[in-house]
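The chain contents come next:
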Amino acid sequence: MTKIETLLKTLCPNGVEYKKIKDVYKRLRGTPITAGKMQEINNPDGNVRIFAGGQTVVNAFENDIVDANVVNVPAVIVQSRGLIDFLYYEKPFTFKNEMWAYTADNKISVRYLFHLLKSKIPSFRKTASEKGGLPQISLSVTEEYLIPVPPLAAQGEIVRILDNFTELTAELTAELTAELTARKKQFEFYRN
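Below is a short write-up of the structure. (Residues numbered from 1 in each chain as written. Predicted model: local features only at pLDDT ≥ 70, side-chain atom pairs only at ≥ 80, totals over all residues. Heavy atoms only, no water.)

Time to look at the packing of aromatic side chains. Counted by the stated rule, this structure contains 8 aromatic pairs. Ring plane angle 80° and centroid distance 6.0 Å describe the contact between Phe-51 and Phe-93, whose orientation is recorded as edge-to-face. Placement of Phe-51 in strand 3 (residues 48–51) and of Phe-93 in strand 7 (residues 93–95) is noted, with a sequence separation of 42 residues between them. Each ring, one from Phe-124 and one from Tyr-145, has its centre 4.9 Å from the other, and the planes form 45°; the classification is tilted. Here Tyr-145 lies in the loop between helix 6 (139–143) and strand 9 (146–149) and Phe-124 lies in helix 5 (residues 121–129), a separation of 21 residues in the sequence. On the basis of relative accessibility, which here comes to 2%, the residue Phe-124 falls in the buried class. Grouping aromatic residues by their ring pairs yields a cluster made of Phe-51, Tyr-89, Phe-93 and Phe-95. (Phe/Tyr/Trp six-rings, centres within 6.5 Å; stacked < 30°, edge-to-face > 60°. Helix = DSSP H or I, 4+ residues; strand = E, 2+ residues; numbered from the N terminus. Buried < 20%, exposed > 50% of the residue type's maximum accessible area, 1.4 Å probe, protein only.)

This next bit is on helix 4 (residues 107–119). In an α-helix there are 3.6 residues to a turn, and that puts residues three or four apart on one side. Helix length check: helix 4, at 13 residues, gives a terminal C-alpha distance of 19 Å against a target of 18 Å (1.5 Å per residue), a fit within 8%. If you check which residues of helix 4 are buried, you get Ser-109, Val-110, Arg-111, Tyr-112, Leu-113, Phe-114, His-115, Leu-116 and Leu-117. Of the residues that open helix 4, the one with a side-chain oxygen 2.7 Å from the backbone nitrogen of Ile-108 is Asn-106. (Expected span 1.5 Å × (residues − 1). Polar contact = N/O pair within 3.5 Å; in protein donor to acceptor, adjacent residues only side chain to side chain.)

As a further point, take the sheet that holds strand 6 (residues 85–89). Taken together, 4 strands build an open sheet; the order of strands is 2-8-5-6 and the sheet is antiparallel. Of all the strands in the sheet, the pair left with one neighbour each is strand 2 (26–29) and strand 6. Each adjacent strand pair in this sheet contributes to an overall mean axis angle of 30°, direction not counted. In the sheet, strand 5 (residues 75–79) pairs with strand 8 (residues 100–103) via 3 bridges, with the strands oriented antiparallel. Residue pairing for strand 8: Val-76 is matched across the bridge by Tyr-102. Against the sheet, helix 4 engages strand 5, strand 6 and strand 8, with an angle of about 160° to strand 6. (Pairing = 2+ DSSP bridges. Axes fitted to C-alpha atoms, helices over the stretch in contact; angles between N-to-C directions. Contact = heavy atoms within 4.5 Å.)

In structure tokens form, the structure reads like this:
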């Protein structure tokens, strides 16, 4: 029996409770900002990161962001249009108001939600593509989504394992990329 199974058996002998995301996490709202305005105020030295749909991310100074709704707590950002994805961020940030984010009083609980939602991306993307046109999920898709909510101790162990696995995967990917680059150079050297 794994440590997580032991924790769950000890802390929840009757099973893990399932709840809607909206009943467990606080939803955060974004900032009304256009892509053009984002580019205009973009500054690599900025103290606030602004997220938009897809891969669009810029830094800016908070004073340059009109009607800024800056988030200063760890949160899971829901990229709801185009590329459906979930991001975890804990430095000062904001996001376009077509997106939303979730936070909680405990950082471990927020990391737990992040890992849980990341594991469900294929399901969310399938839901988004069924609507036709630009893939998009509505607020209710995440608000009403049922998630298992184990005790915080179990969440902490799950987060620890998944964070460690993510770190090891990143290291392995970097090593494999470096190895592939070296092999390509070697191949080109001998080919020439």
